[in-house]
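# Architecture and fold: a report
Spelled out from the first residue to the last, the chains are:
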Amino acid sequence: MGSGTRFAFQHDARRQRDGTITIFDNGTTIFLYTVPRAVEESRAIVLELDEEQMSATLVREYTHPDKQYADAAGNMQLLANGNVFIGWGRALDFSEFSKDGELIFDARLPSPNRSYRYLRFPWSAQPTDRPAAVAERTSEEELRLYASWNGATEVSSWEVLAGQRKDQLEPLGSVPRNGFETAMSVKSPHPYVAVRAKDRSGRVLDTTEPMKL
């Protein structure tokens, strides 16, 4: 075992496609009256093995700038872009590092939440219910609208529709989605309005129920 390659109470050892092994190294743990206490900083490591010379070399290691001590659990996930996503076990933090070791994301769940592992994957969702909106008339010609769609991940913009009848609505314009609830102001004397959600390509995802002002 080469310099820096020894580990203890490890989790999530995985052989990668390039032959290296990734490991979440919990670090040395002692037990005081059956209660485990980590006494060595936890880390994620990448090891290269020479199976002819029977030797292990430390390729790189990832440690948290605030130091994390995980006496149990933890994991290390290699992402497609070369970054590394780490769940710090019982230390409760989870972090993302660039391949070179720069911390670019860090978060922590409030106690008593615990997770054995943290993993990052692309995720999208479109709720089964329709978008929600409310509208108020601020003048004879102007409307103020608020739109949201709890759980939807693909909404890029909101388009306002208005018309004399609820089955004959015409678009007035669009605004970019701005947080959980997007506020919009438009000019229209028509009594019916609705708002529809669009993704970044302009595809309509769904439309609110028409509202009569």
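The structure this text deals with has already been given above.
For the structure given in this document, a descriptive report is provided here. Throughout, residues of each chain are indexed from 1 in the direction in which the sequence is written. Where local features are concerned, this predicted model is filtered to residues with pLDDT of at least 70; where side-chain atom pairs are given and counted, the filter is 80 or more; whole-chain, interface and lining totals use all residues. Each side-chain value is derived from all of the structure's non-hydrogen atoms; neither hydrogens nor water enter the calculation.

## Brief notes about unusual backbone geometry
This is how it is decided: Working definition: helices are DSSP H or I runs of at least four residues, strands are E runs of at least two. Numbering for both runs from the N terminus. Exposure classes here rest on a 1.4 Å probe applied to the protein chains alone. A residue is buried below 20% of its type maximum, exposed above 50%, and partly exposed in between.
We note that Phe-9 has phi near 50°; this positive angle belongs to a residue other than glycine. Tracing the sequence through the fold places Phe-9 in the segment before strand S1 (11-15). One non-glycine residue, Ala-73, lies in the positive phi region at around 65°. Judged by relative accessible area, Ala-73 falls into the buried class, the value being 8%.

## Notes on the packing of aromatic side chains
The geometry of an aromatic ring pair is captured by the separation of the ring centres together with the interplanar angle, meaning the angle of the planes. Inclusion rule: Working definition: a ring pair exists when centres of Phe, Tyr or Trp rings (six-membered ring for Trp) sit within 6.5 Å. Plane angles under 30 degrees give stacked, over 60 give edge-to-face, the rest tilted.
Enumeration according to the criterion identifies five aromatic pairs in this entry. Between Phe-94 and Tyr-118, the ring centres sit 4.5 Å apart and the planes meet at 20°, which makes this aromatic pair stacked. Of the two residues, Phe-94 is situated in strand S9 (residues 93-97) and Tyr-118 in the loop between strand S10 (103-108) and strand S11 (132-137); the sequence distance between them amounts to 24 residues. Neither Phe-94 nor Tyr-118 differs from the other in exposure class; each is buried.

## Focus on the pairing of strand S17 (residues 204-207)
Worth spelling out the cut-off: A pair of strands is treated as paired once DSSP finds two or more bridges between them.
As paired strands, strand S16 (residues 192-198) and S17 are joined by three bridges and run antiparallel to one another. Paired with Lys-198 across the strands is Val-204, a residue of S17. With antiparallel pairing between neighbouring strands as the criterion, S16 and S17 make up a hairpin whose turn holds five residues, including Gly-202 at a positive phi of roughly 95°.

## Details of the side chain of Thr-22
Heads up, the condition is: Whenever a nitrogen or oxygen atom comes within 3.5 Å of another N or O atom, the pair is scored as a polar contact, on the condition that within protein one atom can donate a hydrogen and the other can accept it, and that pairs from neighbouring residues in sequence are kept only if both atoms are in side chains. We call two residues in contact whenever any of their non-hydrogen atoms come within 4.5 Å of each other.
You can see Thr-22 is positioned in strand S2 (residues 21-25). Among the polar contacts made by the side chain of Thr-22, one reaches the side chain of Gln-16 at a distance of 2.9 Å. Setting aside its immediate chain neighbours within four residues, Thr-22 contacts Asp-12, Ala-13, Arg-14, Gln-16, Ile-45, Val-46, Met-76 and Leu-78.

## Observations concerning the nonpolar core
Our working rule: Grouping buried Ala, Val, Leu, Ile, Met, Phe, Trp, Tyr and Cys residues that are joined through side-chain atoms within 4.5 Å yields what is termed a nonpolar core.
The biggest cluster of nonpolar side chains holds 16 residues, and the ones touching the most others in it are Leu-145, Trp-149, Val-155, Trp-158 and Met-184. Counting only elements with at least two residues in this core, the list comes to strand S12 (142-148), strand S13 (157-165), strand S15 (181-187) and S16. If we skip the residues at most four places from it in the chain, Val-155 touches Trp-149, Arg-177, Ala-197, Lys-198 and Leu-205. Counting residues in hydrophobic clusters, the runner-up holds eleven residues, among them Met-76, Val-84, Ile-86 and Ala-91.

## As for the pattern of salt bridges
Rules: A pair is scored as a salt bridge if a Lys or Arg side-chain nitrogen falls within 4 Å of a carboxyl oxygen belonging to Asp or Glu.
Following the criterion strictly, the structure yields 14 salt bridges and no others. Here Asp-12 makes a salt bridge to Arg-117, at a shortest N to O gap of 3.6 Å. With Asp-12 in strand S1 and Arg-117 in the loop between S10 and S11, the pair connects residues that are 105 residues apart, well separated along the chain. For Arg-117, a relative accessible area of 34% corresponds to the partly exposed category. One continuous salt-bridge network, built from bridges that share partners, spans Asp-12, Arg-14 and Arg-117.

Purely geometric numbers; function is a separate question.
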